[in-house]
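Descriptive analysis of the structure
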Amino acid sequence: MDIAGIDPALVARVERETSELLAALIRIDTTNPPGNETAVATFLDDYFRGLGLRGEIVGEPADRRSFVVTVPGTRPGPRLALMAHEDVVPAAADQWQEPPLSGIVKDGYVWGRGAVDVKNLLAAFAVAVRRLLEDGRDFAGELVFVAEADEEEGAVGGARWLTTQRPDLVRCDYLLNEGGGEFLALPGGERLYDLMVGEKGTAQFRVIVSGDGGHASVPLRRGNAVVGAADVIRALHDYEPKASLETVPAEYVELLVGDPALRARLLDERSARAALAELDEIDHDVADLLVPLYGATFSPTIVHSSGEAVNVFPDSAVVTVDCRLPVGWTEERVTAEIEAALAGVDARWRLEYLGTIEGNASPPDTPLRRAIDAVMARLAPNARVVPLHCAGFTDSNWFRAAFPDVVAYNFAPFLVDDVQATAPRFHNVDERIAVRDLAFQSLFAYELVKELLA
Ligand SMILES: [Zn+2]
């Protein structure tokens, strides 16, 4: 697919440069754990030194550093940060068609771990910066390129470290980060692009069920911690928290759901849960997009019993649950939901949180939003950009928490492959990106700088 309004010779050049750079980045092993992100930070430092820019390699420990470089424009204006993480998740090489650290270019795709998550953006942003330098930095304000360590695990927390230890380096008015920009082709020919303006928080917790001891040859009618844990798992799995429309954009539901009656029920708190179940029967994929927007989610993922002998009742069993909470929710509100979910469970249990991070969001109507809309209207004329909250968690959260005035959005638009094609490549085998999509992300970033920092 052509990129509207861009000279094909330029597209070809950006494709070549971004795919060479992405291939080189993929070949640097930053599998997290352990990360070793300093290798990518050093590589990027060399790249930008070659362009005459001096950045900083910063962070702790020494092998897990981030890279930040500031590019001043020619006149005063706001500060825009372009951010992407250096680390990638592990890959089981024997299950891949191509070696995951090869960066091989084949049939119009760059293959390898990090091709969509998210070394693609490091390459796309770097080439956009190079072109801006070539043009004589003809923009206002400042551009900041941020390549942060440890997004995937959050053990040393590159973005958390940068925003708390070096706010002087990364404080900005606008932030563009990974996590949005996938599109869904709508029946009328339009393309629905998700612009992630906020993200849910995490309130992962443990439910510790205590039990009565004793010899297992005589079954316990009550007080078996393992059975209690099973009841807790089932109750959390089956629980449907009250639907909350606070973070459900009506425009999104209207675009995704064709049937007007079902749509109306999805937009009414009293009928929304039943309507979601109905939608799941008709269109499972669309239901998956909507369900996380309607409230807290409980996913039990780990279960342990303290028992070591098969003939002894354990004194406790522990269920660990991944819980995501909508923007605006606190731990207290989640506790109330957990208590409601477990109200009918006949077991002695207590609750322990593993470290809650509240969700946060930027306003949807800002100069950054208008610039994104304007650039997308030029480059992909049938695009419709809709602001949403992300079900997962990205490093944008740390920026909003540290700099209350920042407008942080997650948007890295694709042009060729739609969400059904790209979504299964994240954290999965055969991760790859179309060379045209990679170039599109770079051309988009360049145009966005020109539009926003005009
Ligand atoms: Zn990522």
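Given the structure is predicted, the values throughout are model-derived calculations rather than measurements.

1. Some words on the overall build of the protein chain
Broken down by element type, the protein chain carries 15 helices and 18 strands. Here the C-alpha radius of gyration of the protein chain, 24 Å, is about what a compact globule of 454 residues would show, namely 22 Å. Seen through its C-alpha atoms, the protein chain measures out along the principal axes to roughly 80 × 55 × 45 Å. Counting the 454 residues in the protein chain, one finds 54% classified as buried. Look at the contacts in the protein chain between residues 6 or more apart in sequence, and 79% of them connect residues 24 or more apart.

2. Re the layout of surface pockets
Space inside the second largest pocket adds up to approximately 230 Å³. In this structure, the second largest pocket is lined by 14 residues; those nearest its centre are Arg 222, Gly 223, Asn 224, Asp 346 and Ala 347. Listing elements by their share of the lining of the second largest pocket, those giving two or more residues are strand E11 (205–210) and helix H6 (225–238). With four residues, H6 is the single largest residue contributor to the lining of the second largest pocket. The residue inventory of the lining of the second largest pocket, partitioned by class, reads five nonpolar, four polar and five charged.

3. Section: helix H2 (residues 38–50)
Under the 1.5 Å per step criterion, the end-to-end length of H2 is 18 Å for 13 residues, consistent within 8% with the ideal 18 Å. For H2, the complete set of buried residues consists of Thr 38, Val 40, Ala 41, Leu 44, Asp 45, Tyr 47 and Phe 48. Of the surrounding elements, those touching the buried residues of H2 are helix H1 (8–27), strand E1 (56–58), strand E2 (66–72), helix H3 (119–134) and strand E6 (140–148). Following H2 by one or two positions, Gly 52 has its phi on the positive side, about 85°.

4. Considering the nonpolar core
Among the nonpolar cores identified, the biggest contains 72 residues, and Phe 48, Leu 143, Phe 145, Ile 372, Met 376, Phe 411 and Phe 444 are the most heavily contacted of them. Of the residues forming this core, the biggest block, 11 residues, is contributed by helix H15 (residues 435–452). Dropping the residues within four chain positions of it, Phe 411 is found in contact with Leu 176, Asn 177, Gly 180, Gly 181, Tyr 193, Asp 194, Leu 195, Ile 372, Met 376, Val 385 and Phe 444. Membership of the second largest hydrophobic core comes to 26 residues, among which are Met 196, Leu 266, Leu 290 and Tyr 294.

5. Considering the side chain of Asp 45
In this structure, Asp 45 sits in helix H2. Those residues in contact with Asp 45 that lie beyond four places of it in its chain are Gly 55, Ile 57 and Phe 67.

6. Section: the coordination of the zinc ion
Within the protein, the atoms that donate to the zinc ion are His 85 (NE2), Asp 117 (OD), Glu 178 (OE) and Glu 178 (OE), at distances of 1.8 to 2.8 Å. Around the zinc ion sit four donor atoms, and with donor-metal-donor angles ranging over 50 to 152° the site reads as irregular. The motif formed by the donor residues of the zinc ion, counted along the single chain, is H-x31-D-x60-E. Taken together, the positions of His 85 in strand E3 (residues 75–85) and Glu 178 in the loop between strand E7 (174–177) and strand E8 (183–185) put the pair 93 residues apart, joining distant regions of the chain.

7. Looking at the side chain of Glu 447
Within the fold, Glu 447 resides in helix H15. Polar contacts involving the side chain of Glu 447 include one to the side chain of Arg 378, which spans 3.2 Å. Residues within four places of Glu 447 in sequence aside, it is in contact with Ile 6, Val 375, Arg 378 and Leu 379.

8. So, the environment of Thr 38
For Thr 38, the location among the structural elements is in helix H2. Residue classification places Thr 38 among the buried positions, given a relative accessible area of 17%. Taking C-alpha positions, Thr 38 is 9.4 Å from Pro 61, a pair spaced 23 residues apart along the chain. For Thr 38, the contacting residues outside a window of four places in its chain are Ala 62, Asp 63, Arg 64 and Arg 65.

9. A word on the sheet that holds strand E5 (residues 109–111)
Pairing is antiparallel in the open sheet, where three strands are placed in the order E4-E5-E18. Of all strands in the sheet, those bounded by a partner on one side alone are strand E4 (105–106) and strand E18 (432–434). Examined bridge by bridge, E5 and E18 share three bridges and lie antiparallel to one another. Residue Trp 111 lies in a different strand from E18, and its bridge partner there is Arg 432. Contacting E5 and E18, H1 runs over the sheet at an angle of about 15° to E5. Lying on the sheet, H15 is in contact with E4, E5 and E18; it crosses E18 at an angle near 75°.

10. Points about helix H12 (residues 367–379)
Between its first and last C-alpha, H12 extends 18 Å over 13 residues, near the 18 Å set by a 1.5 Å rise per residue. Contacts made by the buried residues of H12 are with E7, strand E9 (191–199), strand E16 (383–390), strand E17 (407–410) and H15.

11. So, the pattern of salt bridges
Within the structure shown, the criterion is met by 33 salt bridges. Between Asp 212 and Arg 348 there is a salt bridge, with its nearest N and O atoms 3.1 Å apart. With Asp 212 in the loop between E11 and H6 and Arg 348 in strand E14 (residues 348–353), this pair connects stretches of sequence that are 136 residues apart. On the accessibility criterion, Asp 212 (32% relative accessible area) is partly exposed. Overall, Arg 348 belongs to the partly exposed group, its relative accessible area being 44%. The shortest N-O distance in the salt bridge between Arg 425 and Asp 417 comes to 3.1 Å. You'll find Arg 425 and Asp 417 in the same group, each marked buried.

12. Some words on the pairing of E16
Burial runs high along E16: six of the eight residues are buried. Pairing of E9 with E16, which is carried by eight bridges, proceeds in the parallel orientation. Within E16, the residue paired with Leu 195 across the bridge is Pro 387.

What counts and how
Residues numbered from 1 in each chain as written. Predicted model: local features only at pLDDT ≥ 70, side-chain atom pairs only at ≥ 80, totals over all residues. Heavy atoms only, no water. Helix = DSSP H or I, 4+ residues; strand = E, 2+ residues; numbered from the N terminus. Rg over C-alpha atoms; globule rule 2.2 N^0.38 Å. Buried < 20%, exposed > 50% of the residue type's maximum accessible area, 1.4 Å probe, protein only. Contact = heavy atoms within 4.5 Å. 1 Å grid on protein atoms, 1.4 Å probe; cavity = no way out; pocket = protein on both sides within 12 Å on 5 of 7 lines; lining within 4 Å. Points joined across faces, edges and corners; volume = space filled by probe spheres on them. Nonpolar A, V, L, I, M, F, W, Y, C, P; charged D, E, K, R; others polar. Expected span 1.5 Å × (residues − 1). Core = buried A, V, L, I, M, F, W, Y, C linked by side-chain atoms within 4.5 Å. Donors = N, O, S within 2.8 Å, 3.2 Å for Na, K, Ca; no water. Tetrahedral: all angles 85-135°; square planar, octahedral: opposite > 155°, others 65-115°. Polar contact = N/O pair within 3.5 Å; in protein donor to acceptor, adjacent residues only side chain to side chain. Pairing = 2+ DSSP bridges. Axes fitted to C-alpha atoms, helices over the stretch in contact; angles between N-to-C directions. Salt bridge = Lys/Arg side-chain N within 4 Å of Asp/Glu carboxyl O.

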